[in-house]
Amino acid sequence: MSDDLLLTTDGSEYWTQTLTRDSLQLYWDSTDRWYRQFIMAILQPLEPASVFDIGCGAGTTLRMVRDIWPTCDIAGCDIAPQAVSFAQDHLPGARILRGSALDVLRMLPARSYEVCLSVYMLAYISPEEFPAALAELRRVASRYVVMAETMIFGDQVHGGII
């Protein structure tokens, strides 16, 4: 893989060449990951009526939300066309949009989803766009923003839920 792929403006070329149907299926089946279980535990008392997942990939977290709350309005976005197609095929009735996280968030109305999720996605936002992405997440969420993100402190990488 060329380093140039990592430098594309929106990253779509990198993800188009990286994701396969098999890798998306593995992602779809990975409901036992600790961070997904923790997110579900956080969402449980909130009983959200609507959830938007920024960078939803195959839609695994949205699937878990739908399994617990079948009437919840679920939606998400991803930059990779094959991930969007996979999520659309596996989550009938869900609104799955293709585009960069910031572009999609900017087109959504304010307070349009009770909960906005970001699961290991903000690392793909440029430092210059990071404040705008956080502001847009908060603008789109009517109640909560839940983030499971990788954090780097010095030379150590940590996962965390905010």
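Preceding this section is the structure that the text describes.
Remember, predicted model here, so these are calculated numbers, not experimental data.

Conventions we followed
Residues numbered from 1 in each chain as written. Predicted model: local features only at pLDDT ≥ 70, side-chain atom pairs only at ≥ 80, totals over all residues. Heavy atoms only, no water. Helix = DSSP H or I, 4+ residues; strand = E, 2+ residues; numbered from the N terminus. Buried < 20%, exposed > 50% of the residue type's maximum accessible area, 1.4 Å probe, protein only. Contact = heavy atoms within 4.5 Å. Pairing = 2+ DSSP bridges. Core = buried A, V, L, I, M, F, W, Y, C linked by side-chain atoms within 4.5 Å. Salt bridge = Lys/Arg side-chain N within 4 Å of Asp/Glu carboxyl O. Right-handed = clockwise from strand over helix to strand, strands pointing away.

(A) Structural context of the overall build of the protein chain. The helix and strand inventory of the protein chain stands at eight helices and six strands. Each helix (α) and strand (β) of the protein chain, taken in turn from the N terminus, gives the series α-α-α-α-β-α-β-α-β-α-β-α-β-β. Split into buried and exposed, the 162 residues of the protein chain put 46% on the buried side. The contacts in the protein chain between residues at least 6 apart in sequence include a share of 65% that link residues at least 24 apart.

(B) Fine view of the pairing of strand β4 (residues 113-119). Among the seven residues that make up β4, seven are buried, leaving the element largely enclosed by the rest of the structure. With four bridges connecting them, strand β1 (residues 50-54) and β4 associate as parallel partners. Looking at β4, one finds that I54 is bridged to S118.

(C) Structural view of the nonpolar core. The biggest cluster of nonpolar side chains holds 29 residues, and the ones touching the most others in it are I39, L43, V65, L91 and I96. Residue assignment for this core shows that the elements contributing at least two residues are α3 (21-28), α4 (34-43), α5 (60-68), α6 (81-90), β4 and β5 (141-153). Counting 20 residues, the second largest nonpolar core, distinct from the first, contains L108, A133, L137 and V140.

(D) Up close: the pattern of salt bridges. Per the stated rule, a full pass over the model turns up three salt bridges. Here R21 ties to D89 by a salt bridge, and the two come within 3.5 Å at their closest N and O atoms. Placement of the pair is R21 in helix α3 and D89 in helix α6, with a sequence separation of 68 residues. Relative accessible area serves as the criterion here: at 51%, D89 is assigned to the exposed category. The partner of R143 in a salt bridge is E114, and the shortest N-O contact between them spans 3.3 Å. Of this pair, R143 sits in strand β5 while E114 sits in strand β4, placing them 29 residues apart in sequence. On the accessibility criterion, R143 (34% relative accessible area) is partly exposed.

(E) Quick peek at the pairing of strand β2 (residues 73-78). Along β2, five of the six residues are buried, which leaves the element largely enclosed by surrounding structure. The handedness of the β1 to β2 crossover, carried by α5, is right-handed. Across four bridges, the pairing between β2 and strand β3 (residues 95-98) is parallel. From the neighbouring strand, C77 faces β3, where its bridge partner is L97. Handedness of the crossover joining β2 and β3 through α6 is recorded here as right-handed.

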